[in-house]
Amino acid sequence: MSIQAKVKVQASWDRIWTDRRYLFRPVSLKNDTISVLLARALKTIEKSSGIFLDVGSGPGSRTIPLVGKLGKFRLMLLDNSPKALFEGARYASAKKVKAYFVKGDAFRIPFDSNSIACTFSNGLNEHFDDRDRQELFNEMARVTRRGGVVVIIVPNKLNPFHSLNKMVREKKGSWIYGPQYDFTPPELIRCMEKAGLKHIEEFGAGAFTSWIRLFAREKQQRLVSYPTPFKILNRALHNLDMKVDLAINKKFGREIMVIGKKF
């Protein structure tokens, strides 16, 4: 892959993991769209067992509480940042979850081919463009065992509020996440197919309250709790956000997810 691209992404996330404002914030598993998508993916593999590998895991804010509580998977977190892995280990200890932490490169995953039951990533693939991103999909498919699955969650380019927020913050110089090239649902599916994955399922979440992203980060949690003046409407919008099979969420959700099987 492009060394320059890798260095830029790594530098951005090194800054994040050393900044106390962004280092690690436990999420509400019930109200967080990514957590709801991951919970749906776990239903697909509920009869499976083996290694669940979180690639580009950061501190594992979602996989530690969701995958760890199942007890049937050997949860492995892979990241290039020692700081992120250290915080993940602290979080796993606090949650009484057994997890293993590996410092490594997502483009050279240090596992044998055909060895992982579920290879997962969230917030990783979108930071690489063109040939680089396909290499990442291919590498995740390589380590996944036959009959296993690859699960990928990314921001959706077709969500207008997310895309506007990103564009405005990039122009202001307040976008902290480094290079980011979001996917449309068809682009995400094509990358999975090129990696040789089959029976690809797609899901989405967060189409109805994505306008919250236009506000400053410190105000977003309050708006998540009360994104409208009317609690009944708020509850209805939130419930729609969490329906991951809903067509509008699959196409315009703030986050989209694909699950592909390896044969």
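That block above? That's the structure.
Everything numeric in this text was worked out from a predicted model, so none of it was measured. (Residues numbered from 1 in each chain as written. Predicted model: local features only at pLDDT ≥ 70, side-chain atom pairs only at ≥ 80, totals over all residues. Heavy atoms only, no water.)

**Structural notes on the sheet that holds strand S2 (residues 73-79)**
The test is simple: Being paired, for any two strands, means DSSP has found at least two bridges between them. Numbering of helices and strands runs from the N terminus; a helix is a DSSP stretch of H or I covering at least four residues, while a strand is a stretch of E covering at least two. Axes, fitted as lines to C-alpha atoms, cover a helix only where it is in contact. Angles between the N-to-C directions of the axes lie from 0 to 180 degrees. Contact criterion: two residues are considered in contact whenever any of their non-hydrogen atoms come within 4.5 Å of each other.
Taking strand neighbours across the sheet as the criterion, the seven strands line up as S3-S2-S1-S4-S5-S7-S6 in an open arrangement whose pairing is mixed. Two strands in the sheet have a free side with no partner beyond their single neighbour: strand S3 (99-103) and strand S6 (198-205). Neighbour-to-neighbour, the strand axes of this sheet turn through a mean angle of 20°, independent of strand direction. Here seven bridges tie strand S5 (residues 144-155) to strand S7 (residues 255-261), and the two strands are oriented antiparallel to one another. Counterpart to Val 149 in the pairing with S7 is Lys 261. Lying over the sheet, helix H5 (residues 130-143) contacts strand S1 (50-55), strand S4 (116-122) and S5, oriented at roughly 145° with respect to S5.

**Side note on the pairing of S1**
What counts is decided by this rule: Burial classes follow relative accessibility: with a 1.4 Å probe on protein chains only, a residue under 20% of its type's maximum area counts as buried, one over 50% as exposed, and anything between as partly exposed. Crossover handedness is defined by viewing with both strands directed away from the observer: a clockwise path from the first strand over the helix to the second marks the crossover as right-handed.
With respect to burial, S1 is a largely interior element, five of its six residues being buried. Here six bridges tie S1 to S2, and the two strands are oriented parallel to one another. Within S2, the residue paired with Gly 50 across the bridge is Phe 73. As for the winding sense of the linkage, the β-α-β connection from S1 through helix H3 (residues 63-68) to S2 is right-handed.

**Points about the packing of H5 against helix H7 (residues 185-194)**
Where we set the bar: Here the word oblique covers every angle except those under 35 degrees (roughly parallel), over 145 (roughly antiparallel) and from 65 to 115 (roughly perpendicular). The sense of a crossing depends on the near helix, which, turned anticlockwise from the far helix by less than a right angle, makes the crossing left-handed and, turned clockwise, makes it right-handed.
For the pair H5 and H7, interaxial distance at closest approach is 8 Å and the crossing angle is 55°. For the element pair H5 / H7, the angle class is oblique. Between H5 and H7 lies a crossing whose hand is right-handed. Contacts between H5 and H7 involve Arg 133, Gln 134, Phe 137 and Asn 138 from the first element and Leu 188, Cys 191, Met 192 and Lys 194 from the second.

**A look at the packing of aromatic side chains**
Counted only if it meets this: Centres within 6.5 Å make a pair out of two Phe, Tyr or Trp rings, where for Trp the six-membered ring is used; the pair is then stacked when the planes are under 30 degrees apart, edge-to-face when over 60, and tilted otherwise.
Throughout the structure, instances matching the rule amount to seven aromatic pairs. Seen from their ring centres, Phe 52 and Phe 120 are 5.8 Å apart, and the 40° between their planes marks the pair as tilted. In this pair, Phe 52 is assigned in strand S1 and Phe 120 in strand S4, connecting sequence segments 68 residues apart. For the pair formed by Phe 52 and Phe 120, the shared burial category is buried.

**Some details on the state of the cysteines**
The line we're drawing: Two cysteine sulfurs form what is called a disulfide whenever their separation falls within 2.5 Å.
Per the stated rule, a full pass over the model turns up zero disulfides. The thiol sulfur of Cys 118 is not disulfide-bonded, and the nearest other cysteine sulfur, from Cys 191, lies at 18 Å. Overall, the relative accessible area of 1% leaves Cys 118 in the buried class. For Cys 191, a relative accessible area of 10% translates into the label buried.

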